[in-house]
Amino acid sequence: MPELPEVEVVRRGLDDHVSGRTIASATIHHPRAVRRHTAGSEDLTSRVVGATITGIARRGKYLWLVLDDQDALLTHLGMSGQMLITSPGAAISRHERARFTFTDGGSDLRFDDQRTFGHLMYDDGGGALPSPIAHIARDPFDPQFDQAAVVARIKTRRTGIKCALLDQTLVSGIGNIYADEALWAARVHGETAAASMSKTRISVVIDAAREVMAAALAQGGTSFDSLYVDVSGSSGYFARSLNVYGLAGQPCPRCGTPIVRKQFMNRSSHYCPSCQRRR
């Protein structure tokens, strides 16, 4: 699933290509794309047509088009969602779920989604922060991110530190890939009880998450397959710089011990059993 760096890459691409443009038409090709918009596809399209995109915003792994400075077209990419800029009138692709054209006659905006876990949703008055994601915490790149307060909240949790990092109500945007990478960088085992850690140590983990996500962002995000791409269809290259995630059995870049893969919450955790001893 695209995490913060990947979603931010898409946000920046959308800002470059669609900000300031007025929507001329909106077509929904698949009902699952708007399943969270309970009023249905016709209602969503009627609301966005004629609106001007005045900004592209993000909170954690969610992004939205700000419409006329006040409303929002909220988007979650799910496992395979793609926001793509395409030439006007281009043929409908196999996995295309929605398309938006613009009054200036320039490039179209497509929402493709092979696995159909992503979605689009209109939120009246949600330009500043859409109501469906009001519970999502700020992420480490947010100018108003209060790290001391976040660390204090994490410190109260009896779960493992990795579970706390993945809790989007505590800190958003950190997914499975970057949690593993941050914990490796900080030399912390993911099952270490958050409550047992000092605030200083928790803060080190948050710093590591910010640093690894910044590095990923600089390389266009992490692409393991063709499902994550930027708005032009290009892959990110941070997968080449990963230290533990997806590298089970390979030597730890720091000490040479083989990386371990362990089942974790229907996903996987990757860590170095020597550098990241559970305490």
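In case you missed it, the structure is sitting above this.
Residues numbered from 1 in each chain as written. Predicted model: local features only at pLDDT ≥ 70, side-chain atom pairs only at ≥ 80, totals over all residues. Heavy atoms only, no water.

Enumeration over the complete set of coordinates arrives at zero aromatic pairs. A cation over an aromatic ring shows up here: R21 above the ring of F102, its NZ or CZ 4.0 Å from the ring centre. The ring centre of W184 lies 3.9 Å from the NZ or CZ of R254, which sits over that ring. (Phe/Tyr/Trp six-rings, centres within 6.5 Å; stacked < 30°, edge-to-face > 60°. Lys NZ or Arg CZ within 6 Å of the ring centre and 35° of its normal.)

Moving on, we come to a positive patch on the surface. Together, R187, R201, R277 and R279 make up a positively charged patch on the protein surface. Its place among the elements puts R277 in the segment after β10 (267-271). Residue classification places R277 among the partly exposed residues on the basis of a relative accessible area of 49%. (Patch = residues over 30% accessible without salt bridge, like charges linked within 9 Å, V, L, I, M, F, W, Y side chains within 5 Å. Areas by Shrake-Rupley, 256 points an atom, 1.4 Å probe, with all protein chains shown as cover. Salt bridge = Lys/Arg side-chain N within 4 Å of Asp/Glu carboxyl O. Lys, Arg positive; Asp, Glu negative; His and termini not counted. Charge placed at Lys NZ, Arg CZ, Asp CG, Glu CD. Helix = DSSP H or I, 4+ residues; strand = E, 2+ residues; numbered from the N terminus. Buried < 20%, exposed > 50% of the residue type's maximum accessible area, 1.4 Å probe, protein only.)

Working note: α-helix, 3.6 residues per turn, so residues spaced by three or four point in the same direction. For helix α6 (residues 199-218), with 20 residues, the first-to-last C-alpha span of 29 Å sits near the 28 Å given by 1.5 Å per residue. Three or more residues of α6 are buried, namely I202, V205, I206, A208, A209, V212, M213, A216 and L217. Residues of α6 that are buried make contact with α1 (4-18), α3 (147-155), α4 (161-166) and α5 (176-186). Backbone geometry just after α6 places G220 at a positive phi near 80°. (Expected span 1.5 Å × (residues − 1). Contact = heavy atoms within 4.5 Å.)

We now examine the nonpolar core. Ranked by internal contacts, the top residues of the largest apolar core, which has 32 residues, are I154, I161, L165, I174, V188 and V205. Contributing elements (two or more residues each) for this core: α3, α4, α5 and α6. Looking at this core element by element, the count peaks at eight residues for α6. Among all residues touching V205, those that are not within four sequence positions of it are L165, A182, L183, A186, V188 and M197. Among the nonpolar cores identified, the runner-up in size contains 29 residues, and V34, L77, L109 and V231 belong to it. (Core = buried A, V, L, I, M, F, W, Y, C linked by side-chain atoms within 4.5 Å.)

We now examine the sheet that holds strand β7 (residues 108-113). Taking strand neighbours across the sheet as the criterion, the four strands line up as β1-β6-β7-β5 in an open arrangement whose pairing is antiparallel. At either margin of the open sheet sits one strand with a lone partner, and together these are β1 (23-28) and β5 (81-86). If you compare each strand with its neighbour and ignore which way they point, the axes differ by 15° on average. Relative to strand β6 (residues 96-102), β1 is paired through five bridges, and the arrangement is antiparallel. Along β6, the bridge assignment pairs I28 with A98. Sitting on the sheet, α1 is in contact with β5, β6 and β7, with an inclination near 25° to β5. Packed onto the sheet, helix α2 (residues 41-48) meets β1 and β6 and runs at close to 170° relative to β1. (Pairing = 2+ DSSP bridges. Axes fitted to C-alpha atoms, helices over the stretch in contact; angles between N-to-C directions.)

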